[in-house]
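For reference, the chains in residue letters:
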Amino acid sequence: MAKFTVTPWEVTGNIDYDEIQRKFGTTPIDDTLIQRITKYGDPHFMLRRGIFYSHRDLNWILDRYDAGKKFVLYTGRGPSGGTHLGHIMPWMFAKWIQDTFDVSMYFQMTDDEKFLFKDLTLHDIRNTAYENALDFIGLGFDPEKTKIILNTECVKTLYPLALKVAKKVTFSTAKAVFGFENSANIGQIFYTSMQAAPAFLASETEGKEIPCLIPCGIDQDPHFRVARDVATGLGYPKPCMIYCKMFPGLNGEDKMSSSDENITIYTVDTPKIVKKKVGRAFTGGCVSVDEQRHKGGNPNVCAVFKYNYCMFEHDDCKLEELSNRCKNGEILCGECKAILTQKINAFLEKHQAKREEAREVVDSMTFDGFKW
């Protein structure tokens, strides 16, 4: 098995998600849990397909919900660059949770993190955060039940909570969990306290235990293991987690990368750019048309098929049909690429329109005295 890396700041290689689950100590989402979720509504296709595949205390938070105690959602974005489909995928799922359970959402924009870990100015990061917020709100989150938190601007509310967390986390714990070395700046070491803060925000504001559910990539688990470890000692319920796998890159790797624009579909890409990028995508096809007609393709390694699997084909029967046609040599890679290009461009055309409409909404949103 080739080596892979999964940390909050780096995801590389072909990921063994079962191994990561074992290493982090999270719990698989099994058929029994999915069946339980059907009582609230049709399970999202990302649950059915195991894209959201692991959790911490999801049954507990559903028990509380069944007892009439609502939870809050919390997710976020590290605004170091443009929004791509890898960011959109878990946000779409979070939107489904908000709609299904009628709950509020905290969306944390970690401009402080990106300043501490990357060679970027706070000014540029803030501008990027605004653009990312347009994509988030453009997906249709309820503006009356959604709060956008920009860390450096909302520090009045976040910092007292972060201090409580920081006082409970030792340097040895931070080194063990995140692998910090002596060259790490002290802001990096403190930062996880800021990411933990929104998980406790509703409980602090309401003066009672308000459970928090965090849908996000499995790479973010180290931050929330720390938050869970200190929660009880601070008088807060442990945040509950539901984790997804990474959205694939067009080069066939397990994660779309912001650092390589050629293998990444951004929400502001034009139809021409999308066609060019998808046209270069890695596939599971053979070297010639005749060979593929005879032997068939391999959808399991094909980036084009993975895009349909993760986002662009919600119908399981149609997805299985596509897989079978590929394996039987009934459809060629060029045809699949053309169809996927159409799907992506149709999605982006609608999303870009919603993104523009979201400007007025984002501009009017306030939190902790901050307004864009």
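Up top you'll find the structure we're talking about.
What you see is a predicted model; the values in this text were computed from it and never measured.

Caption draft 1: Quick look at the overall build of the protein chain. Broken down by element type, the protein chain carries 16 helices and 11 strands. Rg of the C-alpha trace for the protein chain: 21 Å, near the compact-globule value of 21 Å for 372 residues, within the 12% margin. Over its C-alpha atoms, taken along the principal directions, the protein chain stretches across nearly 65 × 45 × 45 Å. Contacts spanning at least 24 positions in sequence make up 78% of the contacts within the protein chain whose residues lie at least 6 apart. Accessible area of the protein chain: about 17100 Å², with a carbon and sulfur share of 50%.

Caption draft 2: Here's a closer look at the pattern of salt bridges. On inspection of all chains with the given rule, the structure shows 21 salt bridges. The partner of D99 in a salt bridge is K95, and the shortest N-O contact between them spans 2.5 Å. Taken together, the residues D99 and K95, both in helix 5 (residues 85-101) and 4 residues apart, mark about one turn of the helix. Overall, K95 belongs to the buried group, its relative accessible area being 18%. The salt bridge partner of K354 is E357, with a shortest N-O separation of 3.9 Å. Taken together, the positions of K354 and E357, both in helix 16 (residues 333-364) and 3 residues apart, correspond to about one turn of that helix. For K354, a relative accessible area of 45% puts it in the partly exposed group. Three or more residues joined by partner-sharing salt bridges are found here, namely R36, K39, D63 and D66.

Caption draft 3: A look at the packing of aromatic side chains. Overall, the coordinates contain 24 aromatic pairs when judged by the stated rule. Grouping aromatic residues by their ring pairs yields a cluster made of W9, F117, F178 and F180. Across from the ring centre of F24, 4.9 Å away, lies the NZ or CZ of R225, which sits over that ring. The ring of Y53 carries K245 above its face, with NZ or CZ at 5.3 Å from the centroid.

Caption draft 4: Examining the sheet that holds strand 8 (residues 212-217) more closely. One open sheet accounts for 7 strands, arranged 3-4-9-8-5-6-7; its pairing is mixed. A strand with exactly one partner marks an edge of an open sheet, and here the two such strands are strand 3 (27-28) and strand 7 (146-150). Alignment of strand 5 (residues 72-77) against strand 8, held across 2 bridges, turns out to be parallel. Paired with V72 across the two strands is C212, which belongs to strand 8.

Caption draft 5: Inspection of the environment of C302 at higher detail. Here C302 is to be found in the loop between helix 13 (289-295) and helix 14 (303-312). Residue classification places C302 among the buried residues on the basis of a relative accessible area of 8%. Sequence-wise, C302 and G285 are 17 residues apart; in three dimensions their C-alpha atoms are separated by 7.9 Å. If we ignore the near neighbours within four places in the chain, the residues touching C302 are F282, T283 and G284.

Caption draft 6: Structural detail: the pairing of strand 7. Where burial is concerned, most of strand 7 is hidden: 4 out of the 5 residues are buried. Sheet analysis places strand 6 (residues 104-109) next to strand 7, joined by 5 bridges and oriented parallel. Looking at strand 7, one finds that Y106 is bridged to K147.

Caption draft 7: Structural view of helix 1 (residues 17-24). Taken residue by residue, helix 1 has Y17, I20, Q21 and F24 as its buried positions. Buried residues of helix 1 fall within an arc of 100 degrees about the axis and therefore sit on the same side. In helix 1, the exposed positions that point more than 90 degrees away from the buried face belong to R22 and K23. Where helix 1 is buried, its residues contact strand 1 (5-6), strand 3, strand 4 (52-56) and helix 11 (221-234).

Caption draft 8: Structural view of the packing of helix 8 (residues 155-168) against helix 10 (residues 186-206). With their axes 7 Å apart at the nearest point, helix 8 and helix 10 run at an angle of 110 degrees to one another. Classed by the angle they form, the pair helix 8 and helix 10 counts as roughly perpendicular. Judged by the sense of rotation from one axis to the other, the crossing of helix 8 with helix 10 is right-handed. Contact residues: T157, L158, Y159, L161, A162, K164, V165 and A166 in helix 8; F190, S193, M194, A196, A197, P198, F200, L201 and E204 in helix 10. Along the lines of polarity and charge, the residues of the contact of helix 8 with helix 10 split into 13 nonpolar, 2 polar and 2 charged.

Caption draft 9: How the structure looks around the packing of helix 8 against helix 11. Axis separation between helix 8 and helix 11 bottoms out at 10 Å; the angle between their running directions is 105 degrees. Here helix 8 lies roughly perpendicular to helix 11, going by the angle between them. The residues of helix 11 that touch helix 8, namely those facing K164, V165 and K168, are V230, G233 and L234. When grouped by side-chain class, the residues that make up the contact of helix 8 with helix 11 number 3 nonpolar, 1 polar and 2 charged.

Rules of the game
Residues numbered from 1 in each chain as written. Predicted model: local features only at pLDDT ≥ 70, side-chain atom pairs only at ≥ 80, totals over all residues. Heavy atoms only, no water. Helix = DSSP H or I, 4+ residues; strand = E, 2+ residues; numbered from the N terminus. Rg over C-alpha atoms; globule rule 2.2 N^0.38 Å. Contact = heavy atoms within 4.5 Å. Areas by Shrake-Rupley, 256 points an atom, 1.4 Å probe, with all protein chains shown as cover. Salt bridge = Lys/Arg side-chain N within 4 Å of Asp/Glu carboxyl O. Buried < 20%, exposed > 50% of the residue type's maximum accessible area, 1.4 Å probe, protein only. Phe/Tyr/Trp six-rings, centres within 6.5 Å; stacked < 30°, edge-to-face > 60°. Lys NZ or Arg CZ within 6 Å of the ring centre and 35° of its normal. Pairing = 2+ DSSP bridges. Arc of directions from axis to C-beta. Axes fitted to C-alpha atoms, helices over the stretch in contact; angles between N-to-C directions. Parallel < 35°, antiparallel > 145°, perpendicular 65-115°, else oblique. Left-handed = near helix turned anticlockwise from the far one by under 90°. Nonpolar A, V, L, I, M, F, W, Y, C, P; charged D, E, K, R; others polar.

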